[in-house]
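Observations on chain architecture
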Amino acid sequence: MPSRRRLPFVTLDVFTHTRFTGNPLAVVYVPPSDGGDGPSGFAGSAADTDAFPLDRATMQTIAKEFNLSETIFLVSDGANDARDEDGSPKSPQWRVRIFLPHSELPFAGHPVIGSAVFALSTLAHGAPRGRFLAKAGPVELSLKASKADDRESDDALGIASAVVPHNFHIHTQQQAHRSSALADLLATHAGLVAADVVSLDLISPVRGVNFLAVRLADVDALGKVSDRKGRPSIVLDEGWTDDGGDGGSFCSTYFYVVESCSLTRTNAEDASTEAAVERRVRLRARMMEGTFEDPATGAAACAIGPFLAVTQLPPSTEAGGADKSAAPCWATGVDIVQGVEMGRRSELRVDVRLTPGLDAIDTVVLSGAAVKVMEGVIEC
């Protein structure tokens, strides 16, 4: 009888400093060889292999078993023992695969941030930098210590930042279907009325991941969002239905409220004199996919951040003035609180920089903390 493979795993609560809040995540470490056994297998040796050492069907089965919003699988790319010319260790690197219970995603924010915190703090023994190779592209990672100066408690392993792959897109064909989308939305969320809805925009952070971004008038309207089955009408632009994985696209509804918007001057060396203004935005948000509500949605943050960076915002509530806050800024920082209504408060941060001409997205950086909850071994 062939021996079963043993894969170490941990579960984390992501985008939080407090255990049992935030968004749960399963992280499965796939040793490149069968040398790892039990939780100690997390520190197994790196083998030089290009093929992901676990087949897709098995990974999908494991993700279904966890039945969390996402499960991420990590494998060392074999370069983690290498050193630069000066003898210092190179930044560790892992290949990753991200799964919903029933399908695979090319990118998702909360698995990347959670596994980045764990991989850098634990697998790489506190390395400050690293890299993930995801289906959507390479993701540069960094880690800093979590500080509890303004918190009653802080259980986080650290705060990770990820320079995420982006191919941000606003779907223009959706605008022609706004009336039907609004009607579907109000029928699904019976507590909402048309006056609660400020805008509807279909946006994508990368190809294959899409959000109907619904801006609501205030937090009271956000509380009226229900978990009834149903989705608004979605019309993707031509060429945006392929996700590189299952031949379809992920779509959900992202509700948000702009709580504040302010402008500050920045002294960053790479900002031109004309563009050296940074916009700071605070949002409250909820994400619904049918009857499922997500406590924290990193991919949606990576869509709404660029969207707010390139489109007009409401008048600034602080310094800067309404006319300036509505214009594109060189840098936009968005702090998002999500999951409050379902009792799993999550805190996300996304920073977006535009190109010098202020007409395209240059970088998108997603940040958040994570707390370890469980660890164990999967036999498969």
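Residues numbered from 1 in each chain as written. Predicted model: local features only at pLDDT ≥ 70, side-chain atom pairs only at ≥ 80, totals over all residues. Heavy atoms only, no water.

1. Comments concerning the confidence of the model for the protein chain
Averaged over the protein chain, the pLDDT score is 84; the fraction of residues at 70 or greater is 81%. Taken element by element, the predicted model of the protein chain shows its lowest mean pLDDT in helix 6 (residues 322-325) (45) and its highest in strand 2 (residues 23-29) (98). Here residues 34-50 scores under 50 on pLDDT; set against residues more than four positions off or in separate chains, the count is 37 contacts. For the stretch residues 315-325, pLDDT sits under 50, and the model shows 21 contacts to residues farther than four places along the chain or on other chains. (pLDDT = per-residue confidence, 0-100. Helix = DSSP H or I, 4+ residues; strand = E, 2+ residues; numbered from the N terminus. Contact = heavy atoms within 4.5 Å.)

2. Observations regarding the pairing of strand 11 (residues 209-216)
With seven of eight residues buried, strand 11 lies mostly within the body of the structure. Sheet analysis places strand 10 (residues 197-206) next to strand 11, joined by seven bridges and oriented antiparallel. Among the inter-strand pairings, Val197 is bridged to a residue of strand 11, identified as Leu216. Once strand 10 ends, the chain turns through two residues before running back antiparallel as strand 11, passing Gly208 with a positive phi of about 95 degrees. As paired strands, strand 11 and strand 12 (residues 250-265) are joined by seven bridges and run parallel to one another. Paired with Ala213 across the two strands is Tyr254, which belongs to strand 12. (Buried < 20%, exposed > 50% of the residue type's maximum accessible area, 1.4 Å probe, protein only. Pairing = 2+ DSSP bridges.)

3. What to know about empty space enclosed by the protein
Counting across every chain of the model gives one cavity of 30 Å³ or more. By volume, the largest cavity is sized at about 50 Å³. The wall of the largest cavity is formed by Thr188, His189, Gly230, Arg231, Pro232, Cys251, Ser252, Thr253, Met288, Glu289 and Gly290. At the level of secondary structure, the elements contributing two or more residues to the lining of the largest cavity comprise strand 12 and strand 13 (277-289). Here the element with the most residues in the lining of the largest cavity is strand 12; it accounts for three residues. Tallied by class, residues from the lining of the largest cavity come to three nonpolar, six polar and two charged. (1 Å grid on protein atoms, 1.4 Å probe; cavity = no way out; pocket = protein on both sides within 12 Å on 5 of 7 lines; lining within 4 Å. Points joined across faces, edges and corners; volume = space filled by probe spheres on them. Nonpolar A, V, L, I, M, F, W, Y, C, P; charged D, E, K, R; others polar.)

4. Digging into helix 5 (residues 298-310)
Look at helix 5: 19 Å from first C-alpha to last across 13 residues, which is about the 18 Å you get at 1.5 Å a residue. Most of helix 5 sits out of view: twelve of its 13 residues are buried. Among the residues making up helix 5, those that are buried are Gly298, Ala299, Ala300, Ala301, Cys302, Ala303, Ile304, Gly305, Pro306, Phe307, Leu308 and Ala309. (Expected span 1.5 Å × (residues − 1).)

5. Things to note about helix 1 (residues 56-66)
Turning to helix 1, its buried residues are Met59, Gln60, Ile62, Ala63 and Phe66. Considered in projection along helix 1, the buried side chains sweep an arc of 160 degrees and stay on one side of the axis. Turned more than 90 degrees away from the buried face of helix 1 sit Ala57, Thr61, Lys64 and Glu65, all of them exposed. Residue Asp55 occupies the N-cap position of helix 1, its side-chain oxygen lying 3.2 Å from the main-chain nitrogen of Ala57. One or two residues past the end of helix 1 sits Asn67, with phi positive at roughly 55 degrees. (Arc of directions from axis to C-beta. Polar contact = N/O pair within 3.5 Å; in protein donor to acceptor, adjacent residues only side chain to side chain.)

6. Observations regarding the pattern of salt bridges
The tally for this structure, following the rule as stated, stands at 18 salt bridges. For Asp351, the salt bridge goes to Arg280, with nearest N and O atoms at 3.9 Å. Here Arg280 lies in strand 13 and Asp351 lies in strand 16 (residues 346-354), a separation of 71 residues in the sequence. Here Arg349 and Asp351 are joined by a salt bridge, their closest N and O atoms 2.7 Å apart. Judged by its relative accessible area of 17%, Arg349 is buried. Taken together, the salt bridges that share partners define one network made up of Glu278, Arg280, Asp335, Arg349 and Asp351. (Salt bridge = Lys/Arg side-chain N within 4 Å of Asp/Glu carboxyl O.)

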